[in-house]
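# Working through the structure, step by step
Letter by letter, the chains look like this.
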Amino acid sequence: MAIQLDNITYTYGVGTPFEKQALKGISLTIENGEFLGIIGHTGSGKSTFVQHLNGLLHPTTGAVIVNGVDVSEKTDEAKRMRHKVGMVFQYPEHQLFEETIAQDIAFGPKNLGVDEEDVDRRVREAMQFVGLDYDTYADRSPFHLSGGQMRRVAIAGVVAMEPDFLVLDEPSAGLDPFGREEIFEEIIKLHKEKGITVILVSHNMEDISRMASRLIVLDKGQVVLDGKPLEIFNNHRHILQQLGVDVPPVSVLVESLRHRGLPISNEVLTVDDAVQAIIEGGCHVK
Ligand SMILES: Nc1ncnc2c1ncn2[C@@H]1O[C@H](COP(=O)(O)OP(=O)(O)OP(=O)(O)O)[C@@H](O)[C@H]1O
Ligand SMILES: [Mg+2]
């Protein structure tokens, strides 16, 4: 199972004075089981790109193939494949609209034509999965929850669709560090325990670098870098800086310590890695 993008371009407002080519010939394959991070300066095309993955936008030219099926087609099979790709938007709580949390989570699977018993099972499982106790929360309004909890409900709604791929566009935007951590724990769990392929857009380099197994960097609608986070942050820092993309602060720190002659491995992406590398490098804090 994979998502294959075959030389896609996308132009907004074709034939109008506002015509804007947002994607310019992107070809890549997202393999089953990957955790793909997408970064790039504002306006580089990240949201436009991810909206192609479940057929919300159709490419102006080129094709998006999910599990071997072109998702732009009007067949039932193409529709089924589009549903394999769950999407969580930047402010997912804006997608909540039902009276109760359980109804909200049930909306997606009901729409897929799943029978009532199975919908109920999926709602219970999805709530348990995101850490919302069914008996406590099922009949409550989703609008009286904290920001982090609302996002968990939104994620549970996507989980209940039982997707193979999960796309998240800035899922932690506007949350405090605690809410952010809550969301990322859910995402990591979905990837590890359910084996869902994750595609995550984020401005937060620390989050991306600690989770993603692969990173692509977009600039002006093109993929300019594609590789492992460590490799990109270590070897292409100057390109990222030119593109106005941050690098994780911890990798800057480690680089500057190395510059000063401290024998630290540069295999460092997280604060925990850095602590370990500093200890192993023999730099003991007194
Ligand atoms: N509905 C639209 N109509 C016209 N142009 C658009 C539309 N949406 C986006 N664009 C343009 O397409 C380009 C890519 O936008 P997109 O939203 O995909 O970027 P992004 O990388 O997600 O940015 P951000 O980091 O700010 O979310 C930008 O130049 C943007 O101005
Ligand atoms: Mg965006």
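Residues numbered from 1 in each chain as written. Chains lettered and ligands numbered in written order. Predicted model: local features only at pLDDT ≥ 70, side-chain atom pairs only at ≥ 80, totals over all residues. Heavy atoms only, no water.

Per the secondary structure count, the protein chain includes twelve helices and ten strands. The C-alpha radius of gyration computed for the protein chain amounts to 20 Å, which stays within 12% of the reference 19 Å derived for 286 residues, consistent with globular compactness. In terms of overall dimensions, the protein chain has C-alpha extents of about 65 × 50 × 35 Å along its principal axes. Out of the 286 residues belonging to the protein chain, those deemed buried represent 50%. Carbon and sulfur atoms make up 49% of the accessible area of the protein chain, which totals about 14200 Å². (Helix = DSSP H or I, 4+ residues; strand = E, 2+ residues; numbered from the N terminus. Rg over C-alpha atoms; globule rule 2.2 N^0.38 Å. Buried < 20%, exposed > 50% of the residue type's maximum accessible area, 1.4 Å probe, protein only. Areas by Shrake-Rupley, 256 points an atom, 1.4 Å probe, with all protein chains shown as cover.)

Let's shift gears to the pattern of salt bridges. Two side chains with opposite charge may pair up if their charged atoms get near one another. Considering all chains together, one arrives at 13 salt bridges under this definition. The partner of R210 in a salt bridge is E181, with the nearest N and O atoms 3.5 Å apart. Of the two residues, R210 sits in helix α8 (residues 205-211) while E181 sits in helix α7 (residues 177-193), which places them 29 residues apart along the sequence. Classification of R210 by relative accessible area gives partly exposed; the value is 35%. For D226, the salt bridge identified is with R214, shortest N-O distance 2.9 Å. You can see D226 sitting in strand β10 (residues 222-227) and its partner R214 sitting in strand β9 (residues 214-219), a full twelve residues away along the chain. With relative accessibility at 40%, the residue D226 sits in the partly exposed group. (Salt bridge = Lys/Arg side-chain N within 4 Å of Asp/Glu carboxyl O.)

What follows concerns the sheet that holds strand β4 (residues 61-66). As summarised here, the arrangement of the four strands in space is β2-β1-β4-β5, forming an open sheet in which the pairing is antiparallel. Pairing within the sheet leaves two strands with one partner each, and these edge strands are β2 (20-31) and β5 (69-70). Summarising the sheet, β4 and β5 pair through two bridges and their orientation is antiparallel. Counterpart to I65 in the pairing with β5 is D70. (Pairing = 2+ DSSP bridges.)

Now for unusual backbone geometry. Positive phi is not limited to glycine here, since N7 has a value of about 50 degrees. Note that N7 resides in strand β1 (residues 2-12). With a phi close to 50 degrees, E170 is a non-glycine residue in the positive phi region. In this structure, E170 sits in the loop between β7 (165-169) and α7.

Attention now goes to the site of ligand 1. Taken together, the neighbourhood of ligand 1 is formed by Y12, K20, A22, H41, T42, G43, S44, G45, K46, S47, T48 and H203. One nitrogen or oxygen atom from the side chain of T42 is found 2.4 Å from an oxygen atom belonging to ligand 1. A distance of 2.9 Å separates an oxygen atom of ligand 1 from a polar side-chain atom of S47. Relative to its free-state accessible area of 640 Å², ligand 1 is covered by the protein chains to the extent of 62%. Put simply, the parts of the chain that give the shell around ligand 1 at least two residues each are β2 and α1 (46-50). Tallied by class, the residues present in the shell around ligand 1 amount to two nonpolar, eight polar and two charged. (Near = heavy atom within 4 Å. Polar contact = N/O pair within 3.5 Å; in protein donor to acceptor, adjacent residues only side chain to side chain. Nonpolar A, V, L, I, M, F, W, Y, C, P; charged D, E, K, R; others polar.)

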